[in-house]
Amino acid sequence: MNKVNSEQPEITDNDMLPEYDFTDGVRGKHYQAYRRGHTVTIHQADEATVVQHFTLEDGAVMLDPDVQEYFPDGEAVNQALRTLISLFPKNNKSITPESVE
């Protein structure tokens, strides 16, 4: 039988450990740069360096946090967009910020 260590407090997903201090953190500081893509440099044990650049895959969409609250997954987003598409006139195949004004 496993014994539960009573000396360690139980940590849930909502608990922040005391060593994590984000009081001076800025939310979203690197958000726009991340959306444009980011580069990761990997320094290997044999002193070789590998540089990889990551961007969103074609067709991938990054939702803003306020929108993401309403759409928990891709299926929810697709359903909402299909509903919106059904409201478009048949001759409009796409919508752009210029066509909304």
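Residues numbered from 1 in each chain as written. Predicted model: local features only at pLDDT ≥ 70, side-chain atom pairs only at ≥ 80, totals over all residues. Heavy atoms only, no water.

Moving on: the pairing of strand E1 (residues 38-43). The two faces of a sheet get side chains in turn, since along a regular strand they alternate between them. Pairing analysis gives 6 bridges linking E1 to strand E2 (residues 49-54), with the strands arranged antiparallel. Within E2, the residue paired with Thr-39 across the bridge is His-53. Linking E1 back to E2 in an antiparallel pair, the connection comprises 5 residues, with Glu-47 at a positive phi of about 70°. (Pairing = 2+ DSSP bridges. Helix = DSSP H or I, 4+ residues; strand = E, 2+ residues; numbered from the N terminus.)

Looking at the secondary structure, you find Thr-41 in strand E1. Here the alpha-carbon distance between Thr-41 and Gln-52, two residues 11 residues apart in the chain, equals 6.4 Å. Not counting the four nearest positions on each side in its chain, Thr-41 is found in contact with Thr-49, Val-50 and Val-51. (Contact = heavy atoms within 4.5 Å.)

For the rest of this paragraph, the subject is a nonpolar patch on the surface. A surface patch of nonpolar side chains, about 400 Å² in accessible area, is lined by Leu-81, Leu-84, Ile-85 and Leu-87. Relative to the helices and strands, Leu-87 is located in the loop between helix H3 (74-85) and helix H4 (97-100). The exposed category is assigned to Leu-87, whose relative accessible area is 66%. (Patch = residues over 30% accessible without salt bridge, like charges linked within 9 Å, V, L, I, M, F, W, Y side chains within 5 Å. Areas by Shrake-Rupley, 256 points an atom, 1.4 Å probe, with all protein chains shown as cover. Salt bridge = Lys/Arg side-chain N within 4 Å of Asp/Glu carboxyl O. Buried < 20%, exposed > 50% of the residue type's maximum accessible area, 1.4 Å probe, protein only.)

For the rest of this paragraph, the subject is unusual backbone geometry. Outside of glycine, negative phi angles account for most residues, and trans bonds account for most peptide bonds. Residue Glu-47 is not a glycine yet carries a positive backbone phi of 70°. With respect to the element layout, Glu-47 can be found in the loop between E1 and E2. With relative accessibility at 75%, the residue Glu-47 sits in the exposed group.

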